[in-house]
Amino acid sequence: MAKYFDVHPDNPQPRAINQVVGIVRNGGVIAYPTDSCFALGTHLGDKNGLDRLREIRRLGPDHHFTLVCRDFAQLGQFVQINNNIFRTLKAVTPGNYTFILPATREVPRRLLHPRKKTVGVRIPDHVVAQKLLEELGEPLLSTTLLLPGDEEPMTQGWEIKERLDHAVDAVIDSGECGTTPTTVVDLSSGEAEIVRVGGGDPSLFE
C-alpha cells in the first residue's frame, strides 16, 4: 500500500518531505505535485524504478523521460547547453516547460532516447516539488501521471492513492493540481521544435 502524505502547499512539513525522499532513495516510486499536474517520480539511478514507471504508464522505448531539476546548476550537469540555449531556458524557467536536449554522460544510458541520445529536463515552479528536490539533492526521474485510457491526468491526491495504491510507494497531496501538462520543446538540433503544447506559451518558440 502507498503511504499518503498530506503536506502544506506553502510550508511543507520537513518530516514528511524527508520520509518521501527516503522512499525515493530506496528505489520507490512516488506520485507528487508540480506546477503543471501530478507526476510519477523515482530515483534516476534505479532501473527497477524506471521499469515501474514504464509499466504504470505502458510506455514504449521511444518515450522521453524527464529529469525534474531544482535549478540551472543541477540541470547543467545532465544536459548539454550552449549560451544561446541557456538564455532561452533562463527566460522561461522555472515554469511549465520541458526541454529535450542532448544528454551528458551523467545520465544513465537506459534513460536516453534510443536514437537521439536525448533526455527531457525541467525546473518546476512549485513549492512542494522544489522542497523534494532540495532534500534529495539530485533530479527526480519523472513522467506525467497520465494513466493508460485516461484523457486527462488525475488532479486529486486521494484519487491517485485509490487507483495506484499497489503500484506506487507514496502519494504527496498538497491540494489539487491542474490537468494541463508542460509545453515540450525539442532544442536538441539547435532549433526549437514544439513537440507538445501545454501550460507554457508556445509562441515564444515559434
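Some points on the sheet that holds strand S5 (residues 97–102)
Phase 1: In spatial order, the strands read S1-S8-S2-S3-S7-S4-S6-S5-S9-S10; together these 10 strands make up an open sheet with mixed pairing. On the outer flanks of this sheet lie strand S1 (3–6) and strand S10 (193–196), each paired with one strand and no other. Averaged over all pairs of adjacent strands, the angle between strand axes in this sheet comes to 30°, irrespective of strand direction.
Phase 2: Across 2 bridges, the pairing between strand S2 (residues 30–32) and strand S8 (residues 170–173) is parallel. Bridge pairing links Ile30 to Ala170 in S8.
Phase 3: Across the sheet, helix H5 (residues 127–136) lies against S2, strand S4 (66–68), strand S7 (140–144) and S8, angled at about 135° from S2, the strand it touches most.

What to know about the layout of surface pockets
Phase 1: Size it by volume and the largest pocket reaches roughly 450 Å³.
Phase 2: Lining the largest pocket are 29 residues; nearest its centre among them are His64, Thr66, Thr144, Val184 and Arg196.
Phase 3: The set of elements that each furnish at least two residues to the lining of the largest pocket consists of S4, S5, strand S6 (118–122), S7, strand S9 (183–186) and S10.
Phase 4: At 3 residues, S7 tops the list of elements feeding residues into the lining of the largest pocket.
Phase 5: Here the lining of the largest pocket is built from residues that sort into 12 nonpolar, 11 polar and 6 charged.

Digging into the packing of helix H1 (residues 14–25) against H5
Phase 1: The interhelical angle for the contact between H1 and H5, taken along N-to-C directions, is 60°, at an axis separation of 9 Å. Taken together, H1 and H5 sit at an angle that is classed as oblique. Read as a crossing pair, H1 and H5 show a hand that is right-handed. On H5, the residues touching Ile17, Asn18, Val20, Val21, Val24 and Arg25 of H1 are Val128, Lys131, Leu132, Glu135 and Leu136.

Conventions adopted
- Residues numbered from 1 in each chain as written.
- Predicted model: local features only at pLDDT ≥ 70, side-chain atom pairs only at ≥ 80, totals over all residues.
- Heavy atoms only, no water.
- Pairing = 2+ DSSP bridges.
- Helix = DSSP H or I, 4+ residues; strand = E, 2+ residues; numbered from the N terminus.
- Axes fitted to C-alpha atoms, helices over the stretch in contact; angles between N-to-C directions.
- Contact = heavy atoms within 4.5 Å.
- 1 Å grid on protein atoms, 1.4 Å probe; cavity = no way out; pocket = protein on both sides within 12 Å on 5 of 7 lines; lining within 4 Å.
- Points joined across faces, edges and corners; volume = space filled by probe spheres on them.
- Nonpolar A, V, L, I, M, F, W, Y, C, P; charged D, E, K, R; others polar.
- Parallel < 35°, antiparallel > 145°, perpendicular 65-115°, else oblique.
- Left-handed = near helix turned anticlockwise from the far one by under 90°.

In short, shape yes, function no, at least from these values alone.
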